[in-house]
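# Analysis of the macromolecular model
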Amino acid sequence: MAATTPDLADSEAHRTSLPILSANVPAATATGGPIPAPPHTCGSGSHGPNIDYELVLDCVHCGLCTASCPTYVETSNEADSPRGRIYLMRGVIDGALKLDNDVKQHLDLCLNCRACETACPSGVQYGRLIEPFREFMNELEPGRQVQSLNALQKLLLFHVFPYRWRNRLSLAPARLMQWTGLDWLAEKSGLMGLVPQSLRSMKQMLPVLKPHYGQLPEVLEPIGKRRARVALFLGCVADSLYPDTNYATAKVLQANGCEVWIPRSQGCCGALHYHSAEEAPARAFAAANCETFGANDAEKFKSLDAIITNAAGCGYQLKDYAHMMHNTPEAEPAARFQSKVRDVSEFLMELGPVKPTHALNIKATYHDACHLRHAQQVFKQPRALLEMIPGLELIPLPESELCCGAAGSYNLTQPEMADRLGKRKTSNIAATGAKALFTGNVGCLMQITRHLKALDPDVWCAHPVDALWASYSGEMPKELEG
């Protein structure tokens, strides 16, 4: 691509750079609204975890959340709805209900997808209830959140997945098997039947593993006039399983006039540990990232316009650092860091995207990743970017806002419900007749790709930024050849 002045697409924000955001505590979220941390000042109940009781009382039990709850839609059990779970938590907190296995089962089945928050007219902050409640249950029974996993799965979840290089190393055997055809032979010969079911399930979730881009320069210069200076958050699992997406994100940002800084020592966002009620290591990851990205130095941090992520789960965790680090020595740097976090689609639409020019003549649909649509309220931007691509026909997806069942480690800890939701999602995708499925989260991509194999293995499953880079560069992915 020639280094010329970018051709800006029609947008509300045709500006040459982004404003420097306030780093006061509490920080603004990337969507502009405050994150209360804590949201109320009232006391907690007499029993159970130290949850702000006013949060419980915010729920007026209207039931409008039930239709948006994936588990309730599947089971029709009131105790598997957000309203029902709040009843259960309140009962435990009030001392009127024993925290027995039945109560735990209904709470464990929650995906924490936050769809109920989008649907709720009362503004109930359900995530601020279920997360500390799960931490409380974990304090009573250490490790209970992942007690259904075997030793190898726990090793991978906590000691491999959060580290990019360990991920790449651990995937080397799987990559070799795919490239040599041994993977196909093992399936056809029945040898995979000798492998434990838990490991077979993890193998089935693997996408086609493509060559890694290696290591990008620490600083990538913008194409044309510099419009912004951004940092790129690479993630851990996503960078190993979908390296093309990180590469495409960096190149798309360059094409839009961004100087892209890729800090070498960045680490996991902390989501894998945080959602497993392992808050101490999650906070350690957060503190390390604040230091790596320069948030500890308020003056220096002003030179950075945004911290860009392309994974919905990572993005929400990064945007929640102020809440997670509340009442810790790192609270102010965390709030400062959080104020700059943007999903790549959100950032590009704020900046004013360059018009892509190469046609992608394909019928496509888009699935809303829960932590993008519900937790971050980012849903128009990815669609707007896809609709800019010449030749691409974007078809609405029924139940797009309903969780696919991935939900971080949920498909490992709750495989039955995850399987039901995955099949429901891919049936809706297949019904559209689309030949491409786009979504903004690595977990969704893995879950949907796995279940689509049985319905239509030729559907291209990718991140919107992959399609955008193909349209910018003319470099068509193999999935679209012919």
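As a further point, take the overall build of the protein chain. Scanning the protein chain from N- to C-terminus turns up 26 helices and nine strands. Burial analysis of the protein chain (482 residues in total) assigns 57% to the buried set. A separation of at least 24 residues holds for 77% of the contacts in the protein chain among residues at least 6 apart in sequence. Carbon and sulfur atoms provide 54% of the accessible area of the protein chain, an area that totals close to 20100 Å².

Confidence along the protein chain averages 85 in pLDDT terms, with 90% of residues attaining 70 or more. Note on residues 1–6: pLDDT under 50 across the span, and 12 contacts to partners over four residues away in sequence or across chains. Note on residues 9–44: pLDDT under 50 across the span, and 88 contacts to partners over four residues away in sequence or across chains.

Moving on to the pairing of strand β3 (residues 258–261). Burial along β3 is two-sided: the face carrying Cys258 and Val260 and the face carrying Glu259 and Trp261 are both buried. As judged from the two bridges shared by strand β1 (residues 219–220) and β3, these two strands associate in the antiparallel manner. Counterpart to Val219 in the pairing with β3 is Trp261. Pairing of strand β2 (residues 228–232) with β3 involves four bridges; the strand directions are parallel. Across the sheet, residue Arg229 finds its bridge partner in β3, namely Glu259.

This next bit is on the packing of aromatic side chains. Inspection of the entire model under this criterion finds seven aromatic pairs. With a centroid separation of 6.0 Å and 70° between ring planes, the pair formed by Phe133 and Phe136 is classed as edge-to-face. In this pair, Phe133 and Phe136 both sit in helix α6 (residues 127–140), three residues apart, roughly one turn of the helix. The exposure class assigned to Phe133 is buried, which follows from its relative accessible area of 0%. Seen from their ring centres, Phe438 and Trp460 are 5.4 Å apart, and the 85° between their planes marks the pair as edge-to-face. Pair noted here: Phe438 is in strand β8 (residues 436–438) and Trp460 is in strand β9 (residues 460–462), with a separation of 22 residues, a long-range link. Assessed through its relative accessible area of 0%, Phe438 is described here as buried. With relative accessibility at 4%, the residue Trp460 sits in the buried group.

If you look at the biggest cluster of nonpolar residues, it comprises 78 residues, and the most contacted ones within it are Val230, Leu241, Leu253, Phe347 and Phe438. Counting residues in each nonpolar core, the second largest holds 25 residues, with Ala79, Val92, Leu107 and Phe136 among its members.

Moving on, we come to unusual backbone geometry. Even without a glycine there, the phi angle at Asn112 is positive, about 55°. Mapped onto the fold, Asn112 is located in the loop between α4 (101–108) and α5 (115–119). What makes Asn112 buried here is its relative accessible area of 5%. The phi angle at Gln377 is positive, at roughly 60°, despite the residue not being glycine.

Thresholds, definitions, all that
Residues numbered from 1 in each chain as written. Predicted model: local features only at pLDDT ≥ 70, side-chain atom pairs only at ≥ 80, totals over all residues. Heavy atoms only, no water. Helix = DSSP H or I, 4+ residues; strand = E, 2+ residues; numbered from the N terminus. Buried < 20%, exposed > 50% of the residue type's maximum accessible area, 1.4 Å probe, protein only. Contact = heavy atoms within 4.5 Å. Areas by Shrake-Rupley, 256 points an atom, 1.4 Å probe, with all protein chains shown as cover. pLDDT = per-residue confidence, 0-100. Pairing = 2+ DSSP bridges. Phe/Tyr/Trp six-rings, centres within 6.5 Å; stacked < 30°, edge-to-face > 60°. Core = buried A, V, L, I, M, F, W, Y, C linked by side-chain atoms within 4.5 Å.

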